[in-house]
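Listed here are the chains, written in short residue letters.
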Amino acid sequence: MELLFFYMFSAGIIGASLLMVTRANVIHAALLLVLTFFFMSGIFILAGAEFLAVVQVLLYAGGIMVLYLFSIMLMNVEVSVRLRQYHRQSFFAVAASLILIFEVWTVLGRGGSYPAFKGFSWQLGATPGNVEALGSVLYTKYLFPFEVASILLLAAMIGAIVLAKRTIDR
Amino acid sequence: MQEFISAFFGDYSVINGYVPLFIFLLVALGFAGGTLIAALIIRPHKPYPEKLAPYECGMPPLMEAHERFSIRFYLLGILFLLFDVEAMFLFPWAVKYDALGLFGFIEMMLFIAILLVGYFYAWRKGALEWA
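Residue numbers here run from 1 along each chain, matching the order of that chain's written sequence. Throughout, the order in which chains and ligands are written sets their labels, letters from A for the former and numbers from 1 for the latter. Under the rules for a predicted model, residues below a pLDDT of 70 receive no local features and side-chain atom pairs below 80 are neither given nor counted, while totals for whole chains, interfaces and linings still include all residues. For the side-chain quantities, the full set of heavy atoms in the structure was used; hydrogens and water were omitted.

Brief notes about the overall build of chain A
Inclusion rule: Strands are runs of DSSP state E lasting at least two residues, helices are runs of H or I lasting at least four, and both sets are numbered from the N terminus onward. With a 1.4 Å probe rolled over the protein chains alone, any residue whose accessible area is under 20% of its type maximum counts as buried; one over 50% counts as exposed, and the rest are partly exposed. Residue contacts are defined here by distance: any two heavy atoms, one from each residue, within 4.5 Å place the two residues in contact. For the accessible areas, the method is Shrake-Rupley and the probe is 1.4 Å, while residue cover comes only from the protein chains on display.
When helices and strands are tallied, chain A shows seven helices and zero strands. Traced from its N-terminal end to its C-terminal end, chain A shows the element sequence α-α-α-α-α-α-α. With 170 residues in all, chain A has 31% of them scored as buried. Considering only intrachain contacts with a sequence separation of at least 6, the fraction spanning at least 24 residues in chain A is 65%. Accessible surface, chain A as shown: approximately 10,900 Å² in total, 73% of it carbon and sulfur.

In structure tokens form, the structure reads like this:
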């Protein structure tokens, strides 16, 4: 049953991302990317990584896509839709993807024989409770890095305001 | 409910908790798609130019509806993303709230207080204003 869900979500990811890269309209591509994120969060749930699934939906589909859509809306989309698309990089793109496929195949084809995979098991239908486990460690053992993360966010916020306000005011 | 789910999907620990969510998703998609298809079948289809115009009375549109957005939206988008990350940190804390107790509460209030400084900075600098 879980294998069925896994294939369903994987087919969704592949289908949505193929549609995404072939759209001429950038906004359609961005919305298809959101769909891909949702299917990916399904895969994360199947792997028992519920926190990653929530991050995928809340941060990627919610937050980062907003930034993508805003940067798309900052440019003239209508002009780029009407332009003839050119594929001068197609040779390099095909070469790079072939190398990537070869790398993935060599790593996955050997199964667990790599030292980095020792003691690591990824299985469908792992026990849930990923969020609880994270919560019990993050707020006790890793208290200091957690509080430092808020300082990092504060620095990012102030930096964004300083940079953007100067551009707007000018 | 649990027996019903187990009867259909077997004893898979992860999936069981999410089956109601999946059924909910299917019903939502089915309702949206079914309504559109039903309306397509039932409704009469007699178009003419006036009916297809965006506004039947009023002035004709001057320019395209697609317009370039102000850069101000982008700044708001970045601030939203940062507070979104903050909300992300709140999630495991809310799940484990009982076990963490007062210590966790104080710790999270400190976290929020540090980010609140950034919020007041944005407010003070007028990053949230349109003038």
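Here's the deal with the overall build of chain B
A tally of helices and strands in chain B yields five helices and zero strands. From first element to last, N terminus to C terminus, chain B shows the α and β order α-α-α-α-α. Looking at the 131 residues of chain B, the share that counts as buried comes to 21%. The contacts in chain B between residues at least 6 apart in sequence include a share of 43% that link residues at least 24 apart. Element-wise, carbon and sulfur atoms account for 72% of the exposed surface of chain B, whose accessible area totals about 9,800 Å².

Comments concerning the interface of chain A and chain B
Many analyses report the size of an interface as the accessible area lost when the parts associate. We count it as follows: The term buried area refers to how much accessible surface (probe radius 1.4 Å) is lost by two components on association, counted for both of them together. Each reported salt bridge corresponds to a side-chain nitrogen of Lys or Arg within 4 Å of a carboxyl oxygen of Asp or Glu. Charged residues are taken to be Asp, Glu, Lys and Arg, nonpolar residues to be Ala, Val, Leu, Ile, Met, Phe, Trp, Tyr, Cys and Pro, and polar residues to be all remaining types, Gly included.
Contacts between the two partners involve 55 residues from chain A and, on the opposite side, 52 residues from chain B. Taken together, the two surfaces of chain A and chain B that pack against each other cover about 5,000 Å², and 80% of this comes from carbon and sulfur. Counting across the chain A and chain B interface gives zero salt bridges. Those elements giving two or more residues to the side of chain A that touches chain B turn out to be helix 1 (2-22), helix 2 (26-46), helix 3 (50-73), helix 4 (77-82), helix 6 (130-138) and helix 7 (143-169) of chain A. Sorting elements by how many residues they give to the side of chain A that touches chain B places helix 7 of chain A first, with 17 residues. When its residues are assigned to classes, the side of chain A that touches chain B shows 37 nonpolar, 11 polar and seven charged.

Side note on the packing of helix 3 of chain A against helix 4 (residues 72-95) of chain B
Filter applied, for reference: Axis definition: a line fitted to C-alpha atoms, limited for helices to the stretch in contact. Angles are taken between N-to-C directions and run from 0 to 180 degrees. Angular relationships are summarised with four words: roughly parallel below 35 degrees, roughly antiparallel beyond 145, roughly perpendicular across 65 to 115, and oblique for the angles in between.
Contact geometry for helix 3 of chain A and helix 4 of chain B: axes closest at 9 Å, N-to-C directions at 175°. As judged from the angle between their axes, helix 3 of chain A and helix 4 of chain B are roughly antiparallel. Contacts between helix 3 of chain A and helix 4 of chain B pair Phe 51, Val 54, Val 55, Leu 58, Leu 59, Gly 62, Gly 63, Ile 64, Val 66, Leu 67, Phe 70 and Ser 71 of chain A from the former with Phe 73, Tyr 74, Gly 77, Ile 78, Phe 80, Leu 81, Asp 84, Val 85, Met 88, Phe 91 and Pro 92 of chain B from the latter. Partitioning the contact of helix 3 of chain A with helix 4 of chain B into residue classes produces 18 nonpolar, four polar and one charged.

Notes on the domain arrangement of chain A
All names here are of chain A. Where we set the bar: Start and end points for every domain follow an automatic or database-based domain assignment.
One can read the domain layout of chain A as domain 1 (2-86) and domain 2 (129-170). If you look at the interface, domain 1 gives four residues, while domain 2 gives four residues. Both faces considered, domain 1 and domain 2 share a buried interface measuring about 330 Å² in area, 63% of it formed by carbon and sulfur atoms. Among the residues domain 1 hides against domain 2, the three largest losses belong to Gly 48, Glu 50 and Phe 51. Together they make up 91% of the total.

A short note on the packing of aromatic side chains
Cut-off, in case you're wondering: A pair of aromatic rings is counted whenever rings of Phe, Tyr or Trp (Trp by its six-membered ring) have centres within 6.5 Å, and the orientation is called stacked for planes under 30 degrees apart, edge-to-face for over 60 and tilted otherwise.
Summed over the entire model, instances satisfying the criterion amount to 18 aromatic pairs over all chains. Here the aromatic rings of Phe 70 of chain A and Phe 73 of chain B are separated by 5.8 Å at their centres, their planes lie at 40°, and the arrangement is tilted. With Phe 70 of chain A in helix 3 and Phe 73 of chain B in helix 4, this residue pair bridges two chains. Residue classification places Phe 70 of chain A among the buried positions, given a relative accessible area of 18%. Note on Phe 73 of chain B: relative accessible area 29%, which makes it partly exposed. For the ring pair Tyr 119 of chain B and Phe 120 of chain B, a centre distance of 5.7 Å and an interplane angle of 65° mean the geometry is edge-to-face. The rings of Phe 5, Phe 9 and Phe 39 of chain A together with Phe 22 of chain B are connected pair by pair, giving a single aromatic cluster.

Structural notes on the nonpolar core
Selection criterion: Among the buried residues, those of types Ala, Val, Leu, Ile, Met, Phe, Trp, Tyr and Cys that are joined through side-chain atoms within 4.5 Å form a nonpolar core.
In this structure, Tyr 139 and Phe 146 of chain A together with Leu 79, Met 108, Phe 111 and Ala 127 of chain B are the most contacted members of the largest nonpolar core, which totals 17 residues. Elements supplying a minimum of two residues to this core: helix 7 of chain A together with helix 4 and helix 5 (97-124) of chain B.

Quick notes on helix 2 of chain A
Residues and elements named next belong to chain A. Just so we agree on the cut-off: A helix is expected to span 1.5 Å multiplied by its residue count minus one.
Between its terminal C-alpha atoms helix 2 stretches 31 Å, which fits the 30 Å expected from 21 residues at 1.5 Å a residue. For helix 2, every residue scored as buried is listed here: Ala 29, Ala 30, Leu 32, Leu 33, Val 34, Thr 36, Phe 37, Ser 41, Gly 42, Ile 43, Ile 45 and Leu 46. Phi turns positive one or two residues past the end of helix 2, at Gly 48, with a value near 85°.

Here we look at the environment of Ser 71 of chain A
Residues and elements named next belong to chain A. The test is simple: Any N or O atom pair separated by 3.5 Å or less is treated as a polar contact, with the protein-specific requirement of one donor-capable and one acceptor-capable atom, and with residues adjacent in sequence counted only for side-chain atom pairs.
Within the secondary structure, Ser 71 sits in helix 3. C-alpha separation for the pair Ser 71 and Ala 96, spaced 25 residues apart in sequence, amounts to 27 Å. In terms of polar contacts, Ser 71 uses its side chain to reach the backbone carbonyl oxygen of Leu 67, at 2.8 Å.

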